[in-house]
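Overview (structure and organization)
Okay, here's what each chain looks like letter by letter:
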Amino acid sequence: SGRLPTWLLFLAPVAIWASTWHVILYPLASDVPALTSVGWRFLIAALMLAVLARSRGVSLKLPRYAHGYALATGVIQYAGNYWSVYEAERLVPSGLVAVLFCLMVFMNALMAWLLWRQPVSRRFLVASSGAVLGVALIFWPEIASTGARPQAALGLGLSFFAVVVAVIGGFCTMVLTRRGLPLIPVLAWSMGYGAVFLLLMSMGLGHGLPFDGSWAYVGSLVYLSAFGSVVAFTLYYKLAERRGPAQAALVGVLVPVIALIVSAVLEGWQATPLAMGGMVICLASLYVATRRAA
């Protein structure tokens with residue numbers, strides 16, 4: 001990834017995570033609880049990362065203190081974040097969850113300033129706000145209907161919790177890489193800890209460890225592990241190292257726009273004039289936010 005251009009570090013995770021919005025429907029359609037499927041996903045991803053590290057001659061050993069960070073990241077980001085998102089989307093529209101995740105741009109900017117005094121320009125903040133507004137317009141009909149749902153407050157709380165722990169988990173990873181630890185072993189241990197936590201939770205809740213042997217389930221799980229977890233997170237954190245956490249979080253702003261294009265092709269989603277206007281505002285704002293100052 002050190003040789004990859006910045007635009008590819010940005011667009012590759014966008015394309016991958018946008019496609020996972022569709023791919024994730026296959027494990028959700030199975031009889032395996034979402035909690036358990038996410039556990040399998042990150043267990044496979046952790047094993048893939050371990051194999052990748054060994055094939056590149058990178059040691060999987062981490063200092064003792066780093067395992068505390070990795071454990072925290074696994075439990076709050078790869079377990080708590082993903083589990084909360086799945087539960088939230090049962091209670092509130094997925095569009096509302098997508099808009100709330102756009103707030104990571106501002107949370108990342110604040111955390112980077114507090115920890116490392118990394119500044120962001122006024123142009124970046126204004127343009128990012130425009131991009132978030134564009135995403136909100138795309139999903140406005142869904143967002144407007146949220147109040148009619150009986151457990152909307154709980155869904156909103158779970159969504160916001162997921163955003164916060166995603167930010168915290170991301171910075172736990174970046175703290176370790178900024179101290180010189182290689183990214184692949186850090187991700188391998190973090191996802192491994194998250195997977196173990198989720199699978200133990202699955203057993204503790206009485207689900208056991210079910211697995212679906214169908215091609216649809218296995219194929220989607222492998223895709224989500226290899227691309228949605230290993231490749232996308234690796235490139236995302238390399239982008240964060242190169243351009244800063246706030247710029248990297250713009251990936252999450254563009255993902256729902258591309259995901260809806262995928263949905264239009266594969267699931268028959270039809271764009272409204274309001275959604276089209278939101279897409280234009282989002283893309284124009286992202287262009288302004290990501291271009292370097294003259």
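Remember, it's a predicted structure, so these values are computed and weren't measured experimentally. (Residues numbered from 1 in each chain as written. Predicted model: local features only at pLDDT ≥ 70, side-chain atom pairs only at ≥ 80, totals over all residues. Heavy atoms only, no water.)

**Regarding the overall build of the protein chain**
Scanning the protein chain from terminus to terminus reveals 13 helices and 0 strands. Starting at the N terminus, the α and β elements of the protein chain follow one another as α-α-α-α-α-α-α-α-α-α-α-α-α. Against the globule reference of 19 Å for 294 residues, the protein chain gives a C-alpha radius of gyration of 19 Å, in line with a compact fold. C-alpha atoms of the protein chain, sized along the principal axes, occupy 50 × 45 × 35 Å. The 294 residues of the protein chain split such that 50% are buried. (Helix = DSSP H or I, 4+ residues; strand = E, 2+ residues; numbered from the N terminus. Rg over C-alpha atoms; globule rule 2.2 N^0.38 Å. Buried < 20%, exposed > 50% of the residue type's maximum accessible area, 1.4 Å probe, protein only.)

**Some words on the packing of helix 4 (residues 64-88) against helix 10 (residues 183-204)**
Running from N to C, helix 4 and helix 10 cross one another at 55°; their axes reach a closest spacing of 7 Å. In terms of orientation, helix 4 lies oblique with respect to helix 10. Two packed elements cross with a definite hand, and for helix 4 against helix 10 that hand is right-handed. Counting all contacts with helix 4, which are made through His67, Ala70, Leu71, Thr73, Gly74, Val75, Tyr78, Ala79 and Trp83, the residues of helix 10 involved are Leu187, Trp189, Ser190, Met191, Tyr193, Gly194, Phe197, Leu198 and Met201. Residues that form the contact of helix 4 with helix 10 fall into these classes: 13 nonpolar, 5 polar and no charged. (Axes fitted to C-alpha atoms, helices over the stretch in contact; angles between N-to-C directions. Parallel < 35°, antiparallel > 145°, perpendicular 65-115°, else oblique. Left-handed = near helix turned anticlockwise from the far one by under 90°. Contact = heavy atoms within 4.5 Å. Nonpolar A, V, L, I, M, F, W, Y, C, P; charged D, E, K, R; others polar.)

**With respect to helix 6 (residues 104-116)**
Note that an α-helix has 3.6 residues per turn; residues three or four places apart therefore point the same way. When the terminal C-alpha atoms of helix 6 are compared, their 17 Å separation across 13 residues agrees well with the 18 Å that a helix rising 1.5 Å per residue should span. Buried residues of helix 6: Met104, Val105, Met107, Asn108, Ala109 and Ala112, and no others. Taken from the residues just after helix 6, arginine 117 is the one with a positive phi, measuring 55°. (Expected span 1.5 Å × (residues − 1).)

**Describing the layout of surface pockets**
If you add up the space inside the largest pocket, you get close to 1300 Å³. Lining the largest pocket are 48 residues, and of these Trp17, Trp21, Val85, Glu89 and Val255 lie nearest its centre. Ranked by residue count, the leading element in the lining of the largest pocket is helix 12 (residues 245-266), at 9 residues. The residue makeup of the lining of the largest pocket, split by class, is 31 nonpolar, 11 polar and 6 charged. In this structure, the second largest pocket spans a volume of roughly 270 Å³. Lining the second largest pocket are 16 residues; nearest its centre among them are Pro119, Val120, Ser121, Arg243 and Gln247. Secondary-structure elements contributing two or more residues to the lining of the second largest pocket are helix 6, helix 7 (122-138) and helix 12. Counting residues per element, the lining of the second largest pocket draws most heavily on helix 12, at 3 residues. Of the residues assigned to the lining of the second largest pocket, the class counts are 8 nonpolar, 4 polar and 4 charged. (1 Å grid on protein atoms, 1.4 Å probe; cavity = no way out; pocket = protein on both sides within 12 Å on 5 of 7 lines; lining within 4 Å. Points joined across faces, edges and corners; volume = space filled by probe spheres on them.)

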